[in-house]
Amino acid sequence: MSFSFGSTGSAMGPRSVMQSFGRDSAGQAIDPRILMRLLAFLKPHKARMFAALLLMLISSAFALTSPYLIKIAIDENIAGNDTVGLFYTTLLMAVVFVALYVTTSLQQYLLSWIGLRVLTSLRARLFAHLQALSVSYHNSHIVGVTISRVISDVSVINDLLSSGVATIIGDTVVLAGIVAVMLSLDISLALATFAVLPLMLLATWIFSRRARVAFRQTRQRVAAVVGGLAEDISGIRVIQAFAREGVSSDRFEEVNRANRDANIDAMSLSFIFLPTVDFLGVLATATVLWLGGIAVARGELTLGTVVAFLAYVTRFFQPIQDLSQIYTTMQSAMAGGERVLELLDTKPLIYDEAAAVDMPRITGKVEFRQVGFAYQLDRKILRDINLIIEPGQTVALVGPTGAGKTTLASLVARLYDVAEGAVLVDGYDVRMLTQRSLRRQMGLVPQDPFLFTGTVADNIRFSSPRATMAAVENAARAANAHAFISALPEGYATKILEGGVNMSQGQRQLICIARAILADPRILILDEATASVDTLTEMLIQDALQKLLADRTAIVIAHRLATIRKADLICVMANGQIVERGSHSELIARGGLYADLSLRQ
Amino acid sequence: MECLRPYWRTTLAAYLALLAINAVALTIPQFIRWIVDSGIARQDTDLISRSVLGLLLLALLKSVFTYFQGCWTETASQNVACDLRNAIHRQLARLSFSWHDRSETGQILTRAIQDVERIRFVTGRAFLRIIDGLVLVIGSSVLLLLINPLLALLAMATMPLLAWRAMSLGRRLRPMSLVIQKQLGKLTARLEQNLRGVRIVKAFAQEDAEIARFARANRRWFSLSALTARLQAFTAPQIDMIANFSTVIVIGYGGYLVTCNQLTTGELVAFATYLGQLTVPVRRMGNIVPAVALAMTSGTRIFEILDTLSEVTDAPDARPLPPVKGKVIFEDVVFGYVHNHRILQGVSFAVRPGQIVALLGTTGSGKSTIINLIPRFYDPTAGRILIDEHDIRKVTLASLREQIGTVLQETTLFATTIRENILFGRPGAGEEAMLAAARAAQADDFIREMPQGYDTLIGERGVTLSGGQKQRVAIARTLLRDPRILILDDATASVDTATERQIQIALEHLMAGRTCFVIAQRLSTLRKADMILILEHGQLVAQGTHAELMKSSGLYAELYHQQERAGGL
């Protein structure tokens, strides 16, 4: 009984390693408010949970019956030479063991089922919630950390909810049962056994205080290992290009060794604690033997009682040990729970108003009315923007980095909400529309051409999942992407690898354009779609864009002025304002900032 | 198992301690039996007191041994985990680009963290538990046989059944756990892709489709896990039940023997105690078997990485490349990432030291492949590449890459200080050299304006640099390295015109006096180049200087004019 195995506290199990990608909360060990909210996740499974607890009590009762039956066998049947009685007692024992098996199995299965169910629905809820959160949330949160919330933190909560709650309730009941049985068997012997308890509590208290510090240390160290490794993987090409494999390995090994040492330190604590508890158990057994032995010698007690008592003493310490393990599980579940609840509590900054209406088919008029915007309160990104784009017009935004071009374009799709003024599409304030109906009619070709893992066809089809293969190919043709896709070994079924590494930058951009074409948007946003490709590809893209732009309203952000000469209106932005506007020739004639920029290029 | 070898001393000590613990554990029931028989039955209170004291001493001894055994085992197993992670890291650094192209970061991380942890668990505690169990089983069996052979044989009759159940549980659990792990991996990948592409998801209003897709993977994970939970819930307690039946037999038949006076009550009690001791390790097997099954799966996954042979390695007789002048020759080079899909089909050219070579061609024509072959990020499928007459496959990778600098568009900087990032080019370079590189890269000004200057932290926990700033730091890093051969991309990421000019100046500093391969995005580069290579579908269709090609190649003239019209740069 030295180490409990199945119920290994999760601070020691492999899971704890994954749970702590995020920041480590230094808060209270157990916060009742968080606990109550977490317990609420069990509500839909009340009936099952109740059944599991009932089964647990029944199986505990069966488990407690067996030592008592042994006592009867020794004291009454064997001592009384009653072979028939012995036969019946043993038969009864066999029945009890079978019943124990049935109830334990059912109870274990029920608990696992509930746990898995809660886990699955919690993950689904988190995922749906992440979809509702606005882009600004995602901009400010690291993907890896969010993943660890949904995958690892949630599973720690599961430990607490299913097995944790059951163990606490079950063990407490079992403990009470054992105490009652022991007291009923012999009061003085029972009290002598309980005398060990204060020592046990003291040991647990000292251990848990130190363990908290030590285990937190291990969590931080392992986070450093994960972080270091993740960074080296993402920078592996640079490391190899500079032939710095040795240096980076040395650095990693240092972090890795620190993690090892922290773990050994923390575990050493456990190795003092567990044998101590073990020893205290033997101390209790010895007390029973000594006092019981003397009592038997004096004829005050039967031998069977002592033997049964010994069996109960062993069982008495098992739940106590379990409970002290649960404490560790509780702590990590609390930390995980806090992080998960924090995510669920984050209110989306952009949501559909109760009175929001569906956007009818867009004609394409876009109006910015006195628009002001800031990501953070103190730093205004956009000021006083007034701009009217007529249906079918192409408007180009130019200007230095940080002038607010991307932000301005994002406001049309309501990826952010304005701080002042309003953005109107066909006369509707975008905040009074359902997000879905608005964005369904928009297309975005981002500066960084993002491709999902999956096939080329999947990526083009992303904007309209039910599109036929013929429609996908037509979109690819219009995007000038068909030729290179067909030349790929598996054509449209070619798998895109993580980060799109098996496609060149230009190819990725063309696929993104095909995706936008397939969506058949009424309003199109092109965010420096050609900034990072070579000139030949740029020509292909320009050609594709001409087709895409025909009779749609378009906002084009450009960095090479040559590409937007034909735009109906060019807006030059600086410091969050539109400082010049007009056609190419008008702006050149004016001799302002645009003319200057144009000359310098 | 192999992994434990360096720690054989600690491991051996742990196993010896284990033997001692087992010896004590086996003596304790004997002691109890003795107390019951000689003390309690004969009502010798003096003997009871003394033997109880003895019992406590034995327990204390056991606790001390347990402590040391635990510490030693932990030390050995933590070392194993540490070594495995180091080995994985070293292997990752060795594996070629094509391997990294195919692998996913999340997958590697899971293996290096979770799978290693599972193996550690087995090499540490679980493995010890098994030995522990075996020793206890054998020891207890011998003692049981000594007390009463017939009773012992009857009690142990359930053992084969037990072993069979435990084995079959493990056998069935292993493939299932592998499937569940894979499914969880898929679920994680879905989530990761969704988060990375969140702008696209939102812009095209595809949240519902994404939720449905995630729900499918999630449901599948649930049904797989529930199936395994059922298997475990109904099989593991079975092992308990079978073990308990031994007790039934002992009490029933043993009790009968006592009534026939063929056994003393004390012997029966001791018998029951030994049997209890026997069932503990057996019961633990029920837990260990799944853990071992999981670890085997994890082991397979880890060795998949460790056993992968890098496609690009030093030849056994590789010699360091002496300092080169910078002559580069491609001889009929063929390359294909995937079989029968050739990206380069027989490319040959020769570059003299100090020349600027501009690569021109449509996307996917093979430009990036050519520049990736020079530092041996990939090896050609056929043909060879020579630098100063040395076949690059016959020199050591480190010496080759030391003399080549690469500045590409996708700039990777590390989450540390700016100084460290520049020094990455040549660790140990002096402060003056570092500053000079930063100045030449036009990066000094903006770095000095940062709150902590060169000691400013960048990346996740520090300042975010703009694309143009990152590019200049990367140029400084390469300048400090002072390579003989330079590979670059003359595009400037989306930056304003002023920054763009600064980057141009920085690039000119960088290119001066080196052999340069440039993926040409600008006409100025083409005009300046000593040699222009025009690629189409993996073949070299024309080469020469700007003036030559304008005359000889209709294609080039057309491309040039188109570019002039489109870009006008």
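Quick notes on the rules
Residues numbered from 1 in each chain as written. Chains lettered and ligands numbered in written order. Predicted model: local features only at pLDDT ≥ 70, side-chain atom pairs only at ≥ 80, totals over all residues. Helix = DSSP H or I, 4+ residues; strand = E, 2+ residues; numbered from the N terminus. Rg over C-alpha atoms; globule rule 2.2 N^0.38 Å. Buried ≥ 20, exposed ≤ 12 C-beta atoms within 10 Å, placed from the backbone. Contact = placed C-beta atoms within 7 Å. Core = buried A, V, L, I, M, F, W, Y, C linked by C-beta atoms within 7 Å. Domains from an automatic or database assignment. Axes fitted to C-alpha atoms, helices over the stretch in contact; angles between N-to-C directions. Parallel < 35°, antiparallel > 145°, perpendicular 65-115°, else oblique. Left-handed = near helix turned anticlockwise from the far one by under 90°. Nonpolar A, V, L, I, M, F, W, Y, C, P; charged D, E, K, R; others polar. pLDDT = per-residue confidence, 0-100. Pairing = 2+ DSSP bridges.

## Quick notes on the overall build of chain B
So, point 1. When its secondary structure is counted, chain B shows 19 helices and 10 strands.
So, point 2. For a compact globule of 569 residues, the expected C-alpha radius of gyration is about 25 Å, and chain B comes in at 36 Å, more than 25% above that figure.
So, point 3. Seen along its three principal axes, the alpha-carbon backbone of chain B occupies a region of about 120 × 50 × 50 Å.
So, point 4. Of all 569 residues assigned to chain B, the portion counted as buried reaches 48%.
So, point 5. A sequence separation of at least 24 residues applies to 79% of the contacts in chain B between residues at least 6 apart.

## Some details on the nonpolar core
So, point 1. Within the largest apolar cluster, 284 residues are counted, with the highest numbers of intra-cluster contacts made by Ile513 and Ala514 of chain A together with Val357, Leu359, Ile422 and Ala476 of chain B.
So, point 2. With 17 residues, the single largest contributor to this core is helix 10 (residues 245-297) of chain A.
So, point 3. Filtering out sequence-adjacent residues up to four positions away, Ala514 of chain A remains in contact with Ile460, Ala475, Ala476, Ala479 and Ala481 of chain A.
So, point 4. Listed in part, the 39 residues of the second largest apolar core include Leu116, Val156 and Met330 of chain A together with Phe214 of chain B.

## Concerning the domain arrangement of chain B
So, point 1. Looking at the assigned domains, one finds that chain B contains domain 1 (2-306) and domain 2 (328-566).
So, point 2. For domain 1 of chain B and domain 2 of chain B, the distance between their C-alpha centroids amounts to 55 Å.

## A few points about the domain arrangement of chain A
So, point 1. Under the domain assignment used here, chain A contains domain 1 (30-185 + 340-349), domain 2 (187-300) and domain 3 (366-600).
So, point 2. Using C-alpha coordinates to define each centre, domain 1 of chain A is positioned 54 Å away from domain 3 of chain A.

## Looking at the packing of helix 7 (residues 187-194) of chain A against helix 10 of chain A
All names here are of chain A.
So, point 1. Put simply, helix 7 and helix 10 touch, their axes get as near as 9 Å, and they point 150 degrees apart. With respect to each other, helix 7 and helix 10 are oriented roughly antiparallel. The element helix 7 and its partner helix 10 pack so that their crossing is right-handed. Residues Leu189, Ala192 and Thr193 of helix 7 touch helix 10, and the partners they reach there are Ala284, Thr287, Val288, Leu291 and Gly292.
So, point 2. Among the residues making up the contact of helix 7 with helix 10, the classes are represented as 5 nonpolar, 3 polar and no charged.

## Thoughts on the confidence of the model for chain A
So, point 1. Of the residues in chain A, 92% reach a pLDDT of 70 or more, and the chain-wide mean stands at 81.
So, point 2. Long-range and interchain partners of residues 1-28 of chain A, a stretch whose pLDDT sits below 50, account for 72 contacts in this model, where long-range means more than four residues apart.

## Description of helix 12 (residues 405-412) of chain A
Residues and elements named next belong to chain A.
So, point 1. Where burial is concerned, most of helix 12 is hidden: 7 out of the 8 residues are buried.
So, point 2. All buried positions along helix 12 are accounted for by Lys405, Thr406, Thr407, Leu408, Ser410, Leu411 and Val412.
So, point 3. Arg414 occupies a position one or two residues after helix 12 and carries a positive phi of about 55 degrees.

## What about the sheet that holds strand 5 (residues 390-391) of chain B?
All names here are of chain B.
So, point 1. Taking strand neighbours across the sheet as the criterion, the 4 strands line up as 2-1-4-5 in an open arrangement whose pairing is antiparallel. The open sheet is flanked by strand 2 (344-351) and strand 5, the only strands paired with a single partner.
So, point 2. Where strand 1 (residues 328-335) meets strand 4 (residues 382-387), 5 bridges bridge the pair, whose relative direction is antiparallel. Across the sheet, Phe330 pairs through a bridge with Ile385, a residue of strand 4.

## Details of the confidence of the model for chain B
So, point 1. Mean pLDDT for chain B: 82, with 92% of residues reaching 70 or above.
So, point 2. This prediction of the complex comes with two scores: 0.74 for pTM and 0.77 for ipTM.

## Some details on the interface of chain A and chain B
So, point 1. Taken together, the contact between chain A and chain B spans 135 residues of the former and 131 residues of the latter.
So, point 2. The element that contributes the greatest number of residues to the side of chain A that touches chain B is helix 10 of chain A, accounting for 28 residues.
So, point 3. When the residues that make up the side of chain A that touches chain B are grouped by side-chain class, the tally is 78 nonpolar, 38 polar and 19 charged.

## A few points about the sheet that holds strand 6 (residues 442-445) of chain A
Residues and elements named next belong to chain A.
So, point 1. Overall, mixed pairing links the 6 strands, which are arranged 6-9-10-3-11-12 in an open sheet. Sheet topology places strand 6 and strand 12 (577-582) at the edges, where each strand pairs with a single neighbour. Across the sheet, the mean angle from the axis of one strand to that of its neighbour is 20 degrees, orientation sign disregarded.
So, point 2. Two elements, strand 11 (residues 569-574) and strand 12, share 5 bridges in a ladder whose sense is antiparallel. Opposite Cys571, over in strand 12, you have Arg581 as the bridge partner.
So, point 3. Contacts between helix 17 (residues 505-519) and the sheet are confined to strand 6 and strand 9 (523-527), with strand 6 contributing the most and set at about 175 degrees to the helix.

## A look at the packing of helix 3 (residues 46-78) of chain A against helix 4 (residues 83-132) of chain A
All names here are of chain A.
So, point 1. Where helix 3 meets helix 4, the axes come as close as 8 Å, and the angle between the chain directions of the two elements is 160 degrees. When the axes of helix 3 and helix 4 are compared, the pair comes out roughly antiparallel. Handedness of the helix 3/helix 4 crossing: left-handed.
So, point 2. Residues that form the contact of helix 3 with helix 4 fall into these classes: 22 nonpolar, 10 polar and 2 charged.

## Points about the pairing of strand 7 (residues 485-489) of chain B
All names here are of chain B.
So, point 1. Strand 7 sits mainly inside the fold: 5 of its 5 residues count as buried.
So, point 2. Every second residue of strand 7 is oriented toward a common face, with Ile485, Ile487 and Asp489 on one face and Leu486 and Leu488 on the other, all of them buried.
So, point 3. Across 4 bridges, the pairing between strand 6 (residues 404-407) and strand 7 is parallel. Residue pairing across strands places Thr406 opposite Ile487, the latter belonging to strand 7.
So, point 4. Here strand 7 runs beside strand 8 (residues 515-519); their pairing, made up of 5 bridges, is parallel. Residue pairing in the sheet places Asp489 in a bridge with Ile519 of strand 8.

## Some details on the environment of His89 of chain B
So, point 1. You can see His89 of chain B is positioned in helix 2 (residues 45-94).
So, point 2. On a C-alpha basis, the gap between His89 of chain B and Ala112 of chain B in space is 8.6 Å, while along the polypeptide they are 23 residues apart.
So, point 3. Residue contacts for His89 of chain B: discarding those within four places in its chain leaves Leu229, Asp232, Ser249 and Phe252 of chain A.

## Points about unusual backbone geometry
So, point 1. Even without being a glycine, Asp384 of chain A presents a positive backbone phi close to 55 degrees.
So, point 2. By the element assignment, Asp384 of chain A lies in strand 2 (residues 379-389).
So, point 3. Taking the number of C-beta atoms within 10 Å as the measure of exposure, Asp384 of chain A has 14 and is therefore partly exposed.
So, point 4. One non-glycine residue, His537 of chain B, lies in the positive phi region at around 50 degrees.

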